[in-house]
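Chains, contacts and geometry: an overview
Spelled out, the chains give:
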Amino acid sequence: MSLRDVDLNKLATFFAVAESGGVSGAARRLGLTRSAVSQSLSGLEASLEVQLFHRAGRRLVATREGELLRARLSEYQGQLDRTLRELANEEREARGLVRVGLFLGFSRLHLSRLLHRFLTDHPRTRVRVLYGSREEIRERLLAGRVDFAFSLRPRSPQAARLRSSRLFEQELVLVGTRALLRGRSSLEALAELPTVDYYQGDPLIERWTAHHFPGSTARFSVRAWAATTDLVLELVLQRAGIAVLPRDLVEPQVRGRRLRIVETGRAELRDEVWLDELDPGPYPAPRLAAFRQAVLHEFAQLQAPS
């Protein structure tokens, strides 16, 4: 005998009888007829093959087995009441874990500001950050293993379960130290320099070349696949090579004359950054609603460069 073999409605009827001390009281509590309560009780005893009450006229006295079942149901009801109160509290307060998926090139400068503000505003929340390729992060999101994913493309029309929100647009520029770029103005001369990129599956230097020099067959030699934007920037500063980086990240180094941006006369390559999430429906969890609001607020002030 297991719980799935028992009619839960009959258990509820038994508990009402045990708590009220008789069929009449249980019938009033449940809004049923006395006959319906008696039949339910008899059916439960038959299915369990256990006598739950001694019948003394209209009065019912629980047997040892009946008292054990009543006590266990009382514990269960208490636990369920506490769970419902916890859920109600969570509706008023953001608490619990938020799982965030990031593509490898996402700037930690933006992320650290966002997470600090979110955790400060919602002290009962926690955040776990997972890095991966854009495809890996999208798969984790669809499988429910992350709650949010930052991406460079909006959801595809086939991904009906996803909701995408455009966050900001960023310029991507080719940079290197002033010493490394000195005298290098043509594409052929630039291609002779070592290059730092993110990951082999989607070389950013190839996108930059196709945008600025359509139809060119020039190929850059990638010396290091560094994955994260921060490591790419550090390697460029150490003269390990040139690289394509977000303009807002390199501007301080450009103003300090540590780096120089390669100008081609064409508009710079741009990327849009999106926030993807599983469609939360009409009742999003408070922690997820709070994180989404924090993301939109953080990036609302980030204007696309002119």
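For the structure, see preceding data.
Residues numbered from 1 in each chain as written. Predicted model: local features only at pLDDT ≥ 70, side-chain atom pairs only at ≥ 80, totals over all residues. Heavy atoms only, no water.

Working note: regular strand, side chains alternate between the two faces of the sheet. Both strand 7 (residues 194-197) and strand 8 (residues 221-225) contribute to a ladder of four bridges, which runs parallel. Residue pairing in the sheet places valine 196 in a bridge with alanine 224 of strand 8. A crossover links strand 7 with its parallel partner strand 8, the connecting element being helix 9 (residues 204-212), and its sense is right-handed. (Pairing = 2+ DSSP bridges. Helix = DSSP H or I, 4+ residues; strand = E, 2+ residues; numbered from the N terminus. Right-handed = clockwise from strand over helix to strand, strands pointing away.)

Let's shift gears to the pattern of salt bridges. With the rule as written, the count across this model stands at 17 salt bridges. For glutamate 171, the salt bridge identified is with arginine 247, shortest N-O distance 2.5 Å. Here glutamate 171 is found in strand 6 (residues 162-177), whereas its partner arginine 247 is found in helix 11 (residues 247-255), with 76 residues between them in sequence. Pair check on accessibility: glutamate 171 and arginine 247 agree, each one buried. Measuring nitrogen to oxygen at the nearest pair gives 3.9 Å for the salt bridge that ties glutamate 268 to arginine 247. Of this pair, glutamate 268 sits in the loop between strand 10 (259-261) and strand 11 (269-278) while arginine 247 sits in helix 11; the two residues are 21 residues apart in sequence, bridging distant segments of the chain. Glutamate 268 gets classed as buried once you look at its relative accessible area, which sits at 7%. (Salt bridge = Lys/Arg side-chain N within 4 Å of Asp/Glu carboxyl O. Buried < 20%, exposed > 50% of the residue type's maximum accessible area, 1.4 Å probe, protein only.)

Attention shifts here to helix 6 (residues 134-142). Those residues of helix 6 that fall on the buried side of the exposure criterion are Arg134, Ile137, Arg138 and Leu141. Down the axis, helix 6 shows its buried residues gathered within 100 degrees of arc, on one side only. Once helix 6 finishes, glycine 144 follows within two positions and takes phi at roughly 80 degrees, a positive value. (Arc of directions from axis to C-beta.)

Further remarks concern the packing of aromatic side chains. Applying the stated criterion across every chain, the model contains six aromatic pairs. Centroid distance phenylalanine 14 to phenylalanine 53: 5.5 Å. Interplanar angle 45 degrees. Geometry classified as tilted. Of the two residues, phenylalanine 14 is situated in helix 1 (residues 8-20) and phenylalanine 53 in strand 1 (residues 53-56); the sequence distance between them amounts to 39 residues. Taking the relative accessible area as the measure of exposure, phenylalanine 14 reaches 0% and is therefore buried. Within the aromatic cluster, the residues linked to one another by ring pairs are Phe118, Phe148 and Phe291. (Phe/Tyr/Trp six-rings, centres within 6.5 Å; stacked < 30°, edge-to-face > 60°.)

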